[in-house]
Amino acid sequence: MKSIIVAVDNKLGIGAENDLLWMRDLPDDLAYFKRLTTGTSVIMGRNTFDSMGKPLPNRENIVVSHRPVGVPGVLTATSLKSAYELARYPIFVMGGGRIYADAIDDMDRLYVTEVAAEFPQATVFFPSIDKTIWHETSREHHPADERNKYAFDFVIYDKTPAL
């Protein structure tokens, strides 16, 4: 199974200045990301990898780039197709914006954290989710609290089966 995992604001903003819009203000989303992706193959673009500074532990890290990453434990693929072929575990595409746009049609499932806020500084966006292709199969609401600055929903979208 191939999945995307992403957190978006009300306007599908996902980042600015090579970082998350909400910085570290949603620790429950980071824990959700870790829980879902541990033991999987995570595929990302070069800018996403560079923004993290190191490979994610307990995951097979695959970076789509025309330049070798040169970091032990990180595989480099020159295309999404070759990244899929390198993956030995269930696939989670984790960004950035161009990778999401190129990968969305190949996916079976979308794990979307919908953050109930708008960040005008957003410069990177997730593509629109076509509701004729994707249907919501799960939604779990989380209000803002002492740990999480913003309310958010964990939403799962599955691809509508072809007729």
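Preceding block: the structure.
If you're wondering where the values come from, they're calculated on a predicted model, not measured in any experiment.

Asks: How would you summarise the pattern of salt bridges if you had to cite specific residues and measurements?
Replies: Tallied over the entire structure, the rule returns ten salt bridges. Arg 24 serves as the salt-bridge partner of Asp 19, at 3.3 Å between the closest nitrogen and oxygen. According to the relative accessible area criterion, Asp 19 is partly exposed, its value standing at 26%. For the salt bridge of Arg 147 with Asp 28, the shortest nitrogen-to-oxygen distance reads 2.5 Å. With Arg 147 in the loop between strand 10 (134–142) and strand 11 (152–159) and Asp 28 in helix 1 (residues 27–37), this residue pair connects regions lying 119 residues apart in the sequence. Residue class for Asp 28 comes out partly exposed when judged on its relative accessible area of 24%. Through salt bridges that share partners, Glu 114, Glu 136, Arg 139 and Asp 153 make up one connected network.

Asks: So what's going on with the sheet that holds strand 2 (residues 13–16)? Residues and values would help.
Replies: Strand order across the open sheet formed by three strands is 3-2-9, with antiparallel pairing between neighbours. In this open sheet, the two strands that pair with only one neighbour each are strand 3 (19–20) and strand 9 (124–125). Where strand 2 lies against strand 3, two bridges are found, and the strand directions are antiparallel. Considered in strand 3, the bridge of Ala 16 is made with Asp 19.

Cut-offs applied
- Along every chain, residues carry numbers that run from 1 in the direction the sequence is written.
- Whole-chain, interface and lining totals are the exception, using all residues; otherwise, since this is a predicted model, local features are given only for residues with pLDDT of at least 70 and side-chain atom pairs are given and counted only at 80 or more.
- For side-chain calculations, the full set of non-hydrogen atoms in the structure is used, while hydrogens and water are omitted.
- In what follows, salt bridge is the name for a side-chain nitrogen of Lys or Arg lying within 4 Å of a carboxyl oxygen of Asp or Glu.
- The cut-offs for exposure are 20% and 50% of the maximum accessible area for each residue type, with area from a 1.4 Å probe on protein chains only; residues under the lower value are buried, those over the upper are exposed, and the others partly exposed.
- Only DSSP runs of H or I covering at least 4 residues are called helices, and only runs of E covering at least 2 are called strands; the numbering of each starts at the N terminus.
- DSSP bridges decide pairing: two strands pair if at least two such bridges lie between them.

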